[in-house]
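Structural description and commentary
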Amino acid sequence: MPETQTKSHLFPNYARRPIELVKGQGTKVWDAEGNEYLDFIAGIAVLALGHAHPKVNETLNHQSEQIWHVSNLFESSGQEKLAALLTADTHFEHAFFCNSGAEANEAAIKLARRHTGKHHIVTFTNSFHGRTFGAMSATGQEKVQQGFGPLVSRFTHVPFNDPDALKGAVSDETAAIMLEIVQGEGGVNPVTDEFAETIQSLCDEHGLLLIIDEVQTGIGRTGTRYAYEQTVLKPDIITLAKGLGGGFPIGGMLGTAALGTSLGPGSHGTTYGGNALAVAVSNTVVSTVFEPDFLRDVEEKADYLALQLAGHYEVRGLGLLMGLVVEDSAAFATDMQSKGLLVVPAGPNVVRLLPPLNVSYEELDAAIEILLN
Ligand SMILES: *Cc1c(COP(=O)(O)O)cnc(C)c1O
């Protein structure tokens, strides 16, 4: 809270750090007192191109002078363009736009039920899918659900990366399996190759829909457009948000052609979804990130960062969704902040490094220097 204020009128549902970030440029941010930090939180994996990227700013400024919002009562060439960009060279046919990760997951859960006529969905321990009722019920963390019951029924949470447990949980009543390729909030836990194979064969065998929550892993964060591309998994649905807008709120869901008829006119919607400003910004962000050279850079930077830190930390994750195992993640994050590096916990013993995807090697070196001292 700024010093001049004595009382906050905000609900106290966030444990806020006692600084206010008032300016950002690339990977650097400044607080109200003028202190500089390297931002390896990036709005929690949101700022794919960092703060105040010139092309993104130009896009937003330009679009703001054309039109802000029209609702989904009308055609949208911006949404069409973004849908084409996101589904190009994939097996997906359709896109739906909303405003957040939780909303994207709500859409996925609703679509899975409507398409299959079944209700049971298998998700995993330590998963995180958002805070709305469906997404919260899908989430495999009690602390997220505490006090909010009764939850949406027919979700089963199975231990992650445990093939036998998963086989035991799937039945003829199961509509879908839903997972993150790397559990982000739950401790930076990547899916194992063996588990991915089990998931895909169960989906094939039982005709289950596969929903992959790419809200944190998607849009280049792991070094490929989508993280599932680095696995054997062939999802029917993926959900997106965070990096999709590079700082402007937008969520999205991609699905296969077969799912198109299950989401007919009037079946689902949102007033703000695919808002003209959001979609314009997202088109610039995604077209920049999806350049093969850009993605190769992300992978190389991630390898470089991991290599420098290995030997000093247990490093886990995929691409620039990186976790370091530490004794006390909250204390560690506070210490790093006092040294000018912003990092965010993922559970009690892991901190995440989530720099903008266009972070420079100079900035990586500066962060490494802080992390190793
Ligand atoms: C952040 C996150 C969400 C929720 O996104 P919101 O935009 O906060 O609703 C869902 N799933 C995953 C994997 C996330 O990391």
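Residues numbered from 1 in each chain as written. Predicted model: local features only at pLDDT ≥ 70, side-chain atom pairs only at ≥ 80, totals over all residues. Heavy atoms only, no water.

1. Focus: the site of the ligand
Taken together, the residues surrounding the ligand are Ser100, Gly101, Ala102, Asn105, Phe128, His129, Gly130, Glu180, Asp213, Val215, Gln216 and Lys242. In this structure, Gly101 approaches the ligand through a main-chain N or O atom, which is 2.8 Å from an oxygen atom. Contact between the ligand and Phe128: a nitrogen atom at 3.2 Å from a main-chain N or O atom of the residue. For the ligand, the protein covers 81% of the area, taking 380 Å² as the surface of the free molecule. Using a 2 Å cut-off from the grid points, one finds that the ligand occupies the largest pocket. Counting residues per element, the shell around the ligand draws most heavily on helix α4 (residues 101-116), at 3 residues. (Near = heavy atom within 4 Å. Polar contact = N/O pair within 3.5 Å; in protein donor to acceptor, adjacent residues only side chain to side chain. Areas by Shrake-Rupley, 256 points an atom, 1.4 Å probe, with all protein chains shown as cover. 1 Å grid on protein atoms, 1.4 Å probe; cavity = no way out; pocket = protein on both sides within 12 Å on 5 of 7 lines; lining within 4 Å. Sits in = over half its atoms within 2 Å of the grid points. Helix = DSSP H or I, 4+ residues; strand = E, 2+ residues; numbered from the N terminus.)

2. Let's talk about the pairing of strand β10 (residues 209-213)
When you tally the buried positions in β10, you get 5 out of 5 residues, the bulk of the element. Because side chains alternate across β10, one face comprises the buried residues Leu209, Ile211 and Asp213, and the other comprises Leu210 and Ile212, equally buried. Strand direction decides the pairing type here: strand β7 (residues 174-179) and β10, joined by 4 bridges, are parallel. Opposite Met178, over in β10, you have Ile211 as the bridge partner. Sheet analysis places β10 next to strand β11 (residues 237-240), joined by 3 bridges and oriented parallel. Bridge pairing in β11 places Asp213 opposite Thr239. (Buried < 20%, exposed > 50% of the residue type's maximum accessible area, 1.4 Å probe, protein only. Pairing = 2+ DSSP bridges.)

3. So, the pairing of strand β14 (residues 321-325)
Taking burial as the measure, the 5 residues of β14 include 4 buried ones, the bulk of the element. Pairing analysis gives 5 bridges linking strand β13 (residues 314-318) to β14, with the strands arranged antiparallel. Paired with Gly317 across the strands is Met322, a residue of β14. In this antiparallel pair of consecutive strands, β13 and β14, the connection spans 2 residues, and Gly319 shows a positive phi of 60°.

4. Some thoughts on a nonpolar patch on the surface
Taken together, the side chains of Ile67, Val70, Leu73 and Phe74 define a hydrophobic patch exposed on the protein surface, amounting to about 430 Å² of accessible area. Here Leu73 shows up in the loop between α2 (54-66) and α3 (77-87). With a relative accessible area of 75%, Leu73 lands in the exposed category. (Patch = residues over 30% accessible without salt bridge, like charges linked within 9 Å, V, L, I, M, F, W, Y side chains within 5 Å. Salt bridge = Lys/Arg side-chain N within 4 Å of Asp/Glu carboxyl O.)

5. Quick word on the packing of α3 against helix α9 (residues 276-289)
Following both chains from N to C, one finds α3 and α9 inclined at 25°, their axes separated by 9 Å at the closest point. By the angle class used here, α3 and α9 are roughly parallel. Note on packing geometry: the crossing formed by α3 with α9 is left-handed. Between α3 and α9, the contacting residues are Gly78, Gln79, Lys81, Leu82, Leu85 and Leu86 on the first element and Val279, Ser282, Asn283, Val286 and Ser287 on the second. (Axes fitted to C-alpha atoms, helices over the stretch in contact; angles between N-to-C directions. Parallel < 35°, antiparallel > 145°, perpendicular 65-115°, else oblique. Left-handed = near helix turned anticlockwise from the far one by under 90°. Contact = heavy atoms within 4.5 Å.)

6. Comments concerning the UniProt feature "modified residue: N6-(pyridoxal phosphate)lysine" (unreviewed entry) in the chain
What UniProt calls "modified residue: N6-(pyridoxal phosphate)lysine" (unreviewed entry) maps, in this numbering, to Lys242. The residue Lys242 is located in the loop between β11 and β12 (251-255) in this model. Classification of Lys242 as partly exposed rests on a relative accessible area of 21%. Contact partners of Lys242, with chain neighbours within four places excluded, come to Ile44, Ala45, Val46, Glu185, Val215, Gln216 and Ile250. (UniProt positions renumbered as here; feature names shortened; annotations may be inferred.)

7. Quick look at the sheet that holds strand β16 (residues 344-345)
Pairing is antiparallel in the open sheet, where 4 strands are placed in the order β13-β14-β17-β16. Edge positions in the open sheet fall to β13 and β16, since each of these has one partner strand only. Across the sheet, helix α10 (residues 292-309) is in contact with β13, β14 and β17 (350-353); its angle to β14 comes to roughly 5°.

8. A closer look at the UniProt feature "binding site: pyridoxal 5'-phosphate" (unreviewed entry) in the chain
Taking the numbering used here, the UniProt-annotated feature "binding site: pyridoxal 5'-phosphate" (unreviewed entry) corresponds to Gly101, Ala102, Phe128, Asp213, Glu214, Val215, Gln216 and Thr271. Taken together, the annotated residues stretch across 171 residues and extend over separate regions, lying up to 25.1 Å apart by C-alpha. The annotated residues named above include Gly101, Ala102, Phe128, Asp213, Val215 and Gln216 as those lining the largest pocket. Relative to the elements of secondary structure, Phe128 occurs in the loop between β5 (120-124) and α5 (133-138). Residue Phe128 is classed as buried on the basis of its relative accessible area, which comes to 18%. If we skip the residues at most four places from it in the chain, Phe128 touches Thr139, Gln141, Val144, Glu180, Glu185 and Asp213. Take Gln216: it is sitting in the loop between β10 and β11.

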